[in-house]
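Coordinate analysis (summary)
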Amino acid sequence: MDYERDTIAAISTPYGEGGIGIVRISGDEAFSIAEKIFVPKKPKPGGMKPRTMYLGDIIDPETKETIDEVLLVKYTAPHTYTREDMVEINSHGGLTVQNRILEVVLSCGARMAEPGEFTKRAFLNGRIDLSQAEAVIDLIRAKTDRALKIAMEQLKGGLSSQIGDLRQELIKVLANIEASIDFPEDDIPGLDPESLRAEVIDLIKKMEDLLNKSKAGKIVREGLSTVILGRPNVGKSSLLNSLLREKRAIVTDIPGTTRDAIEEYINVKGIPVKIIDTAGIRETLDEVERIGVEKALEYLENAELVLLMFDASEELKEEDLKIAELVKDKFVILVVNKVDLPEKIDIKKLKNVFPGRKIIRISALKEEGIEELKDAIFHAVTKEVGPLDEGIVITRARHRQAIKKAVDALKRAEKELKESSPMEVVAMEVREALEFLGEITGDNVGDDVIKAIFENFCIGK
Ligand SMILES: Nc1nc2c(ncn2[C@@H]2O[C@H](COP(=O)(O)OP(=O)(O)OP(=O)(O)O)[C@@H](O)[C@H]2O)c(=O)[nH]1
Ligand SMILES: [Mg+2]
């Protein structure tokens, strides 16, 4: 793949005040730009050595004005993040300082980098494959230690090597199929349709195993989408607050307090859980509240887990029972709140209305039962998707899709073999499966896919 080999630059540290800030430059002009704007305190004969920090001033080459005192490092291609010549300027971490430094770098001929463009160059220059590039942003955005570990494994090439192995096996099968096309008369053991079919079935199974684990991978990467649902005033926002241990949502004794959905992440034993507090479900004439209720129902639709809340200090109401219908296809934990008050709720009836659902009793106000609730969430998730760190390699929908398509192609190949179709047809399907797997590592992807992936990166990465 070819791209314009121009020199790019960006501020790589977060915007705002900080101890230090880093401006990065990558490309053929990186060193010459550095020479124009950097004046070392102690100039060395022969210039600056790579991978050594030099103290000096960044100056505006036009006005000769000093912008900041910095530490500057040169990295020589190809042993760099992008595989191009690179320069890093460690300046004081201030918005104005860093912007001024970036400005002089740009005025000397660099172009402002697009989001993720440094990593994109690492990919285009063959230092990492596409799945590793994706792992970079997953690592930056990891919400728990588990997510971090999986991203790190992917960055090191864990997914690439698994996909590589699968592709090798597919290539072997394809070679055998082609051999059977070339020597149809020879009765070579292993090249008969039944043996080939067994190999294809084995590969389908391996890929399906990967797909099964990918559900856990998605949760680790994106978080388990969990909606707190219930009629007004049962204590939904209070639960959010006690899970977060901060007063994030407004809590009052007025039913219909929450209008907008509030999303926050909590860490439940390494599982990132996206908790969404919603407006209490009821019929209402208040326009704003009505929109809130609609929003709650939208979130419910996409939720992977529902914490359905009830007020222990009141009898079950019509509104509580109506919600049963809404969540019947959902993964639900029943949360009976306000157990610090005298109990009026009919637990038996609750069990009848929601058969088979787990019930957790809590007091959001007194922060009682919260750990039990977290345990219940953890067990619900691991029961559903299996352990969350063993052998997970697929965390992204893009990878999942590619494997699914490869599996479909192999299933077609398997069917053709079973029906003794011409081997050319079988070979075509297997080749297709190979191409789909190649989408994961980027051996076989369109520019649009690459563009979409890097657009989600931060500037300067
Ligand atoms: N005694 C007691 N009161 C609670 C408990 N949890 C919440 N409350 C009170 O119940 C009232 C309603 O709490 P919220 O958290 O605002 O209820 P909500 O379900 O978010 O209500 P809406 O946003 O109106 O749907 C407040 O007065 C809370 O202090 C609890 O565990 N025990
Ligand atoms: Mg509320």
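Residues numbered from 1 in each chain as written. Chains lettered and ligands numbered in written order. Predicted model: local features only at pLDDT ≥ 70, side-chain atom pairs only at ≥ 80, totals over all residues. Heavy atoms only, no water.

1. Let's talk about the sheet that holds strand β6 (residues 86-93)
Ordered in space as β3-β4-β5-β6-β2-β1-β7, the 7 strands form an open sheet in which the pairing is mixed. Here the strands that pair on one side only, and so sit at the sheet edges, are β3 (38-40) and β7 (111-112). Inspection of the sheet shows β3 paired to strand β4 (residues 54-59) by 3 bridges, in the antiparallel sense. Paired with Phe38 across the two strands is Ile58, which belongs to β4. Here helix α1 (residues 30-37) sits on the sheet in contact with β2 (18-26), β3, β4, β5 (66-75) and β6, set at roughly 40° to β6. Where helix α2 (residues 95-107) meets the sheet, it contacts β1 (8-11), β2, β4, β5, β6 and β7, and its direction lies at approximately 150° from that of β6. (Pairing = 2+ DSSP bridges. Helix = DSSP H or I, 4+ residues; strand = E, 2+ residues; numbered from the N terminus. Contact = heavy atoms within 4.5 Å. Axes fitted to C-alpha atoms, helices over the stretch in contact; angles between N-to-C directions.)

2. Focus on helix α8 (residues 236-244)
Burial runs high along α8: 8 of the 9 residues are buried. In this structure, the buried residues of α8 make contact with β8 (224-229), β9 (262-268), β10 (271-277), β11 (305-311) and α12 (370-385). (Buried < 20%, exposed > 50% of the residue type's maximum accessible area, 1.4 Å probe, protein only.)

3. Some points on the coordination of the magnesium ion (ligand 2)
Ser237 (OG) and Thr258 (OG1) make up the full set of protein donors to the magnesium ion (ligand 2), lying at 1.9 to 2.1 Å. In this pair, Ser237 is assigned in helix α8 and Thr258 in the loop between α8 and β9, connecting sequence segments 21 residues apart. Accessibility classification places Ser237 together with Thr258 in one group, the buried group. (Donors = N, O, S within 2.8 Å, 3.2 Å for Na, K, Ca; no water.)

4. A look at the domain arrangement of the protein chain
How large an interface is tends to be reported as the accessible area lost when its parts come together. On domain assignment, one finds that the protein chain holds domain 1 (8-128), domain 2 (135-219 + 396-442) and domain 3 (223-385). If you average the C-alpha positions of domain 1 and of domain 2, the two centres end up 42 Å apart. (Domains from an automatic or database assignment.)

5. Here we look at the pattern of salt bridges
Evaluated as defined, the whole model comprises 51 salt bridges. A salt bridge links Arg111 to Asp6, with the nearest nitrogen and oxygen atoms 2.6 Å apart. Here Asp6 lies in the segment before β1 and Arg111 lies in strand β7, a separation of 105 residues in the sequence. According to the relative accessible area criterion, Arg111 is partly exposed, its value standing at 28%. Across the salt bridge formed by Asp286 and Arg259, the nearest N and O atoms sit 3.5 Å from each other. Of this pair, Asp286 sits in the loop between β10 and α9 (287-302) while Arg259 sits in the loop between α8 and β9; the two residues are 27 residues apart in sequence, bridging distant segments of the chain. The class for Asp286 is partly exposed, based on a relative accessible area of 32%. Given the relative accessible area of 29%, Arg259 is considered partly exposed. One connected set of salt bridges, linked through shared partners, spans Glu134, Asp138, Lys218, Arg221, Glu222, Glu304, Arg396 and Arg398. (Salt bridge = Lys/Arg side-chain N within 4 Å of Asp/Glu carboxyl O.)

6. Observations regarding the site of ligand 1
In the vicinity of ligand 1 lie 23 residues, with Lys236, Ser238, Gly256, Thr257 and Thr258 positioned nearest. Interatomic distance of 2.9 Å between a backbone N/O atom of Ser237 and an oxygen atom of ligand 1. Within the backbone of Gly280, a nitrogen or oxygen atom sits 3.1 Å from an oxygen atom of ligand 1. In isolation ligand 1 exposes 650 Å². Once the protein is present, 91% of that is buried. Among the detected pockets, ligand 1 sits in the second largest pocket. Take the shell around ligand 1: its biggest share by element is 3 residues, from α8. Looking at side-chain class alone, the shell around ligand 1 contains 8 nonpolar, 11 polar and 4 charged residues. (Near = heavy atom within 4 Å. Polar contact = N/O pair within 3.5 Å; in protein donor to acceptor, adjacent residues only side chain to side chain. Areas by Shrake-Rupley, 256 points an atom, 1.4 Å probe, with all protein chains shown as cover. 1 Å grid on protein atoms, 1.4 Å probe; cavity = no way out; pocket = protein on both sides within 12 Å on 5 of 7 lines; lining within 4 Å. Sits in = over half its atoms within 2 Å of the grid points. Nonpolar A, V, L, I, M, F, W, Y, C, P; charged D, E, K, R; others polar.)

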